[in-house]
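Examining the three-dimensional arrangement
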Amino acid sequence: MKRGLILLVAFTLWIQGGWAQMTPKWVEKAKRAVFSVITYDKDGKMLNTGNGFFISEEGLALSDYKLFKGAERADVVTADGKQMPVSVILGANDIYDVIKFRVAITEKKVPSLKVSANVPAVGADVWMLPYSTQKSIACESGKVKEVVAIEGSYHYYTLDMPMKDKMVSCPVMDAEGEVFGIAQKSSGADTVTTSYAVDAGYVRSMEISALSLGDATLNSIGIRKGLPEKEEQAVVYLMMASGQLSQEDYKALLDEFITQYPNSTEGYYRRANNYVLNAKDNEKLLDEAMEDFKRALKIAEKKDDVYYNIARTIYNYQLSSPEKPHKEWTYDVALENLHKAIELNPLPVYSQLEGDILFAKQDYTGALACYDKVNASNLASPATFYSAAKTKELMKADAKEVLALMDSCVARCGEPLAVEFAPYVLERARLYMNVDEPRKALQDYDTYFKVVNGQVNDVFYYYRKQAGLKAKQYQRALDDIAKAVELNPKELTYQAEQAAVNIRVGRYEVAADVLTKTLKDNPEYGEGYRLLGFCQIQLKKQEEACANFQKAKELGDTVVDSLIEKYCK
């Protein structure tokens, strides 16, 4: 009995010794980087469980995409039982069923695996490390059966190794204890002895890009997405995200950008502007915005750019007409910051903003001086000349001086005229009418109509009618006022104008029909009765005309007295 017990112990020691010789020394330590993943749906119910592993001490990790699809939240449970949340998704690929993410680690660093830079040869020994909360060196061993190139310099591996479903997304290691693959779910005829792995280097290389907001694979995961690794891409991503994410998610993204790029003023600018956008009468948010600008000022190489951004943000805040303006967010404070920017670097764009602020303060003389500076610089544009023209008009300057500035504005729009410049031509048409040049006005109205492909409203037809009438192009005037009435049949002014233009060209019967219809819908329209009466005089219907003149007088029309005196005595 005793001899049998001794043999059993010896056999056990022999087995353990043999296992120790077969299993690399690094396994026990490496397995601490493998964790369990639990994902949850929008209601907080468990969605899936699986595996993953860290590839950096800061919490960068890899796993399988299907585990996360549809998830709104996810946690990892480490080998020593610590639970930590997944903070952001950093890349996903549904073809290879892989995902990269960051875990919000609760300690300074976590055990991690080094991604191998080498490609294991066919026949090389490999090991797969399962997740375990026990101190164990148990793992699956096998050999590389086939290596296929994918995605450029990366590889897909076929392994001569059995794999259970619970080992999906576990790390596949080489002899040096470095991870080269992430285990895939087995498929095909032979799933007992054959398994597969995707290059861990490929999964690590996946990135969020500026265009990832439209990525269907990423959007199938409700967990917040991270930022691109390149700052320029991250800035574009922020721009696109501002209109697509919820305010809460966008604020978190801004915070992450600042954490990821602490020496970039762009993050502070955008977060400050986001505070202002949501401030309304919340002075605390405005104070936080100013603190961000101060942080930007500390790190900025170009201090003038920060002062300019402060001034521009305050200016835009004031333009929003806050009910209770912040005492430190005024046009004067904006000007103080802008003058600091100009002292450091007198750029034309700074003069443009100074002009805009002075214009808002109704200091038109000061604003015009700024705009003149800009228009004498390489920043001169249709918009800057338009600003100068509007300022001169408000200063009650000669109409021809205002028109000259609008000519300079339109001249800089180029040919053929682009749609975005069409409003400048429309504005010049109005100014041509002010200096009694209706034919030139009509040309600008026609140019505008052509550029916008006829997409105009009733007001446009009404004003073009006025130009046509003054230019004595009566048929055009008739057509335009008819179109205005068609687009807005309830506007009394249009109906009256339609009647007046028909009277002007001697079409009294048509004018009378228009007025009769108008008075049916507007029986208290005194001027209408007067005009109808005038038409009836021309049509030799004196009795009816005098009755309408009297009705106009009863409704308070004073102009009709002379007609009564002339035709009804």
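This is a predicted model, so every value here is computed, not measured.

1. Things to note about the sheet that holds strand E8 (residues 140-150)
- On the basis of which strands lie adjacent, the closed barrel formed by six strands has the order E7-E8-E9-E12-E11-E10 and antiparallel pairing. Ignoring strand direction, the axes of neighbouring strands in this sheet form an average angle of 40°.
- Across two bridges, the pairing between strand E7 (residues 125-128) and strand E10 (residues 171-173) is antiparallel. By the bridge assignment, Trp127 is partnered in E10 with Met173.

2. Let's talk about the packing of helix H14 (residues 382-394) against helix H15 (residues 399-411)
- Packing of H14 against H15 leaves a shortest axis separation of 8 Å and a crossing angle of 170°. Regarding the angle of H14 to H15, the classification is roughly antiparallel. Contact residues: H14 offers Pro382, Phe385, Tyr386, Ala388, Ala389, Lys392 and Glu393, while H15 offers Glu401, Val402, Leu405, Met406, Ser408 and Cys409.
- Looking at the contact of H14 with H15 residue by residue, the class counts come to nine nonpolar, one polar and three charged.

3. Focus: the nonpolar core
- If you look at the biggest cluster of nonpolar residues, it comprises 69 residues, and the most contacted ones within it are Trp329, Leu338, Leu353, Ile357 and Ala441.
- Sorting elements by how many residues they give to this core places helix H10 (residues 303-319) first, with eight residues.
- Leave out the neighbours within four places in its chain, and Leu353 touches Tyr308, Ala311, Arg312, Tyr315 and Leu338.
- Ranked by size, the runner-up nonpolar core spans 34 residues in total, among them Ala61, Val103, Ile221 and Tyr250.

4. Some remarks on the environment of Tyr350
- Considering the arrangement of structural elements, one finds Tyr350 in helix H12 (residues 348-360).
- When the C-alpha positions of Tyr350 and Cys370 are compared, they lie 9.2 Å apart, and in sequence the two are 20 residues distant.
- Beyond its immediate sequence surroundings of up to four residues, Tyr350 is in contact with Asp304, Asp305, Tyr308, Leu338, Ala341, Ile342 and Asn345.

5. What about the packing of aromatic side chains?
- In this structure the tally under the stated criterion is 25 aromatic pairs.
- Look at Phe257 and Tyr261: their rings are 4.9 Å apart centre to centre, the planes differ by 50°, and that puts the pair in the tilted class.
- By relative accessible area, which is 0% here, Phe257 ends up buried.
- With a relative accessible area of 10%, Tyr261 lands in the buried category.
- Geometrically, the ring pair formed by Tyr269 and Phe293 is tilted, given 6.3 Å between the ring centres and 45° between the ring planes. Of the two residues, Tyr269 is situated in helix H8 (residues 265-277) and Phe293 in helix H9 (residues 283-299); the sequence distance between them amounts to 24 residues. Just as Tyr269 is buried, Phe293 falls in that class too.
- One aromatic cluster is present, built from ring pairs that chain together Tyr96, Tyr154, Tyr156, Tyr196 and Tyr202.
- One Lys or Arg, Arg73, reaches over the ring of Tyr40 and ends 4.0 Å from the middle of that ring.

6. Some thoughts on the sheet that holds strand E3 (residues 60-63)
- The antiparallel closed barrel is built from six strands, whose spatial order is E1-E2-E3-E6-E5-E4. With strand direction ignored, the average angle separating the axes of adjacent strands in the sheet is 40°.
- Summarising the sheet, E3 and strand E6 (residues 98-103) pair through four bridges and their orientation is antiparallel. Across the sheet, the residue bridging to Ser63 is Ile99, located in E6.

7. Considerations on a negative patch on the surface
- On the surface, a cluster of negative charge is contributed by Asp281, Glu283, Asp287, Glu323 and Glu328.
- Looking at the element boundaries, Asp287 is found in helix H9.

8. Notes on unusual backbone geometry
- Glu415 connects to Pro416 through a cis peptide bond whose omega is -5°.
- With respect to the helices, strands and loops of the structure, Pro416 is situated in the loop between H15 and helix H16 (422-434).
- At Asp97, a position not held by glycine, the phi torsion is positive, near 55°.
- The topology assignment puts Asp97 in the loop between strand E5 (83-93) and E6.
- In the Ramachandran plot, Lys540 falls in the positive-phi region, its phi being about 65° despite a non-glycine side chain.
- You can see Lys540 is positioned in the loop between helix H22 (526-538) and helix H23 (542-554).

9. Focus on a nonpolar patch on the surface
- Taken together, Leu211, Val236, Met239 and Met240 make up a surface patch of nonpolar side chains, about 360 Å² in accessible area.
- In this fold, Val236 is placed in helix H6 (residues 231-241).
- With relative accessibility at 35%, the residue Val236 sits in the partly exposed group.

10. What about H23?
- A rise of 1.5 Å per residue sets the reference length of H23, with its 13 residues, at 18 Å; its end C-alpha atoms lie 18 Å apart and thus fit the reference within 8%.
- All buried positions along H23 are accounted for by Ala545, Cys546, Asn548, Phe549 and Ala552. The buried residues of H23 occupy one face: seen down the axis, they fall within an arc of 160°. Exposed side chains of H23 directed beyond 90 degrees from the buried face belong to Glu543 and Glu554.
- Taken together, the buried residues of H23 touch H22 and helix H24 (560-567).
- Positive backbone phi, at 95°, marks Gly556, one or two positions downstream of H23.

11. Considering the state of the cysteines
- Within the structure shown, the criterion is met by one disulfide.
- Here Cys546 connects covalently by a disulfide to Cys568, the sulfurs 2.0 Å from one another. Judged by the sign of its S-S torsion, about -100°, the cystine formed by Cys546 and Cys568 is left-handed. Residue Cys546 is found in helix H23, and its partner Cys568 is found in the segment after H24; the two are separated by 22 residues along the sequence.
- With relative accessibility at 25%, the residue Cys568 sits in the partly exposed group.
- The thiol sulfur of Cys535 is not disulfide-bonded, and the nearest other cysteine sulfur, from Cys546, lies at 14 Å.

12. Regarding the pattern of salt bridges
- Throughout the structure, instances matching the rule amount to 29 salt bridges.
- Between Arg270 and Glu266 there is a salt bridge, and its shortest N-O distance comes to 2.9 Å. In this pair, Arg270 and Glu266 are both assigned in helix H8, four residues apart and thus about one turn of the helix distant.
- Given a relative accessible area of 22%, Arg270 falls into the partly exposed group.

13. Brief notes about the pairing of E8
- Bridge analysis of E7 against E8 gives four bridges, and the strand direction is antiparallel. The partner of Val126 across the bridge, within E8, is Gly142.
- Note: E8 against strand E9 (residues 154-160), seven bridges, orientation antiparallel. Its bridge partner lying in E9, Val147 is registered against Tyr157.

Analysis parameters
- Residues numbered from 1 in each chain as written.
- Predicted model: local features only at pLDDT ≥ 70, side-chain atom pairs only at ≥ 80, totals over all residues.
- Heavy atoms only, no water.
- Pairing = 2+ DSSP bridges.
- Helix = DSSP H or I, 4+ residues; strand = E, 2+ residues; numbered from the N terminus.
- Axes fitted to C-alpha atoms, helices over the stretch in contact; angles between N-to-C directions.
- Parallel < 35°, antiparallel > 145°, perpendicular 65-115°, else oblique.
- Contact = heavy atoms within 4.5 Å.
- Nonpolar A, V, L, I, M, F, W, Y, C, P; charged D, E, K, R; others polar.
- Core = buried A, V, L, I, M, F, W, Y, C linked by side-chain atoms within 4.5 Å.
- Buried < 20%, exposed > 50% of the residue type's maximum accessible area, 1.4 Å probe, protein only.
- Phe/Tyr/Trp six-rings, centres within 6.5 Å; stacked < 30°, edge-to-face > 60°.
- Lys NZ or Arg CZ within 6 Å of the ring centre and 35° of its normal.
- Patch = residues over 30% accessible without salt bridge, like charges linked within 9 Å, V, L, I, M, F, W, Y side chains within 5 Å.
- Areas by Shrake-Rupley, 256 points an atom, 1.4 Å probe, with all protein chains shown as cover.
- Salt bridge = Lys/Arg side-chain N within 4 Å of Asp/Glu carboxyl O.
- Lys, Arg positive; Asp, Glu negative; His and termini not counted.
- Charge placed at Lys NZ, Arg CZ, Asp CG, Glu CD.
- Expected span 1.5 Å × (residues − 1).
- Arc of directions from axis to C-beta.
- Disulfide = S-S within 2.5 Å.

By themselves, these are just geometric observations and shouldn't be taken as functional.
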